[in-house]
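Structural features, examined
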Amino acid sequence: MTLLMGMFQISAKLGFSDFYFVGMLLNSVLSVGMVLLSYYICKRLFSVSEAMFCLILYAVYPPMYFMAAVFYTDHLTMIFPVLLFWLYLKLDKCEKTLKTGIYAGVMALVAVCGYLLKPTVLIVLIAIVIALFLACKWKKIAFVGVSFAVVYLCVNFVFNGIIYDQHLNRETAEQMNTPLETWVLMGMNENPGFSPDDTLFSRSF
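Report on the accompanying structure. (Residues numbered from 1 in each chain as written. Predicted model: local features only at pLDDT ≥ 70, side-chain atom pairs only at ≥ 80, totals over all residues. Heavy atoms only, no water.)

Our focus in this paragraph is the packing of aromatic side chains. According to the stated counting rule, one finds 7 aromatic pairs in the structure shown. Across from the ring centre of Y164, 4.0 Å away, lies the NZ or CZ of R170, which sits over that ring. (Phe/Tyr/Trp six-rings, centres within 6.5 Å; stacked < 30°, edge-to-face > 60°. Lys NZ or Arg CZ within 6 Å of the ring centre and 35° of its normal.)

Have a look at this one:
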């Protein structure tokens with residue numbers, strides 16, 4: 001909601017009030033960015049042939065033509081894992097300390113922004129750290145770890161300050177938030193997934 005609100009505020013200041021179109025435009029830009037990054041990743045890892053085949057797969061995938069109108073976190077975050085992997089390829093080949101620090105910092109910013117939209121984005125960052133660990137690239141692990149910690153703390157501090165001071169009472173949030181036990185209960189079901197009964201039960205205590 002914060003991402004979309006920011007885009008809506010920018011468009012409103014520019015005198016444009018069709019916010020549905022603005023949201024669709026944002027989704028479209030994110031989709032095109034993901035497709036382009038996928039192309040460059042395949043080109044770097046394999047060849048132009050595989051990169052073109054990647055574009056063909058996107059072209060014949062029907063949901064790609066309808067995603068612009070879907071304002072859901074799964075779609076809004078699709079570009080982040082791909083962007084993180086592209087940055088990792090850049091970081092992995094980097095030898096200079098300054099460039100390594102820059103790529104690690106950008107990677108941390110992308111990971112934190114993606115995490116705020118949907119925490120599963122961090123799966124890619126964890127995989128990157130594991131890959132660097134297996135390659136014994138300790139300096140790069142340190143850069144990535146420190147950068148992520150600094151960016152996360154700064155962004156989280158600013159974000160929480162804005163949310164709790166302007167939009168939400170902290171005591172009300174603590175009282176009304178869905179307990180973490182909800183997700184544990186869902187994972188223990190015979191058919192794991194969202195369960196209204198588990199949600200109501202965990203909220204009861």
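Next up on the list: the nonpolar core. Nonpolar side chains in soluble globular proteins tend to be buried together. Ranked by internal contacts, the top residues of the largest apolar core, which has 35 residues, are L84, M107, L125, I128, L132, V144 and F148. Excluding anything up to four places from it in sequence, L84 contacts M107, V110, A111, V121, V124, L125 and I128. (Core = buried A, V, L, I, M, F, W, Y, C linked by side-chain atoms within 4.5 Å. Buried < 20%, exposed > 50% of the residue type's maximum accessible area, 1.4 Å probe, protein only. Contact = heavy atoms within 4.5 Å.)

A word on the pattern of salt bridges. Inspection of every chain in the model, using the stated rule, returns 2 salt bridges. Measuring nitrogen to oxygen at the nearest pair gives 3.1 Å for the salt bridge that ties D74 to K118. Note that D74 is positioned in helix α4 (residues 73–76) and K118 in the loop between α6 (97–117) and α7 (122–134), a separation of 44 residues in sequence. Since its relative accessible area comes to 40%, D74 is described here as partly exposed. (Salt bridge = Lys/Arg side-chain N within 4 Å of Asp/Glu carboxyl O. Helix = DSSP H or I, 4+ residues; strand = E, 2+ residues; numbered from the N terminus.)

Packing of helix α2 (residues 19–45) against helix α3 (residues 48–59) leaves a shortest axis separation of 7 Å and a crossing angle of 155 degrees. The orientation of α2 with respect to α3, classified from their angle, is roughly antiparallel. Of the two elements, α2 crosses α3, and the hand of that crossing is right-handed. Together, M34, V35, S38, Y39, C42 and K43 of α2 and V48, E50, A51, M52, C54, L55 and Y58 of α3 make up the contact between the two elements. Grouping the amino acids of the contact of α2 with α3 by side-chain chemistry returns 10 nonpolar, 1 polar and 2 charged. (Axes fitted to C-alpha atoms, helices over the stretch in contact; angles between N-to-C directions. Parallel < 35°, antiparallel > 145°, perpendicular 65-115°, else oblique. Left-handed = near helix turned anticlockwise from the far one by under 90°. Nonpolar A, V, L, I, M, F, W, Y, C, P; charged D, E, K, R; others polar.)

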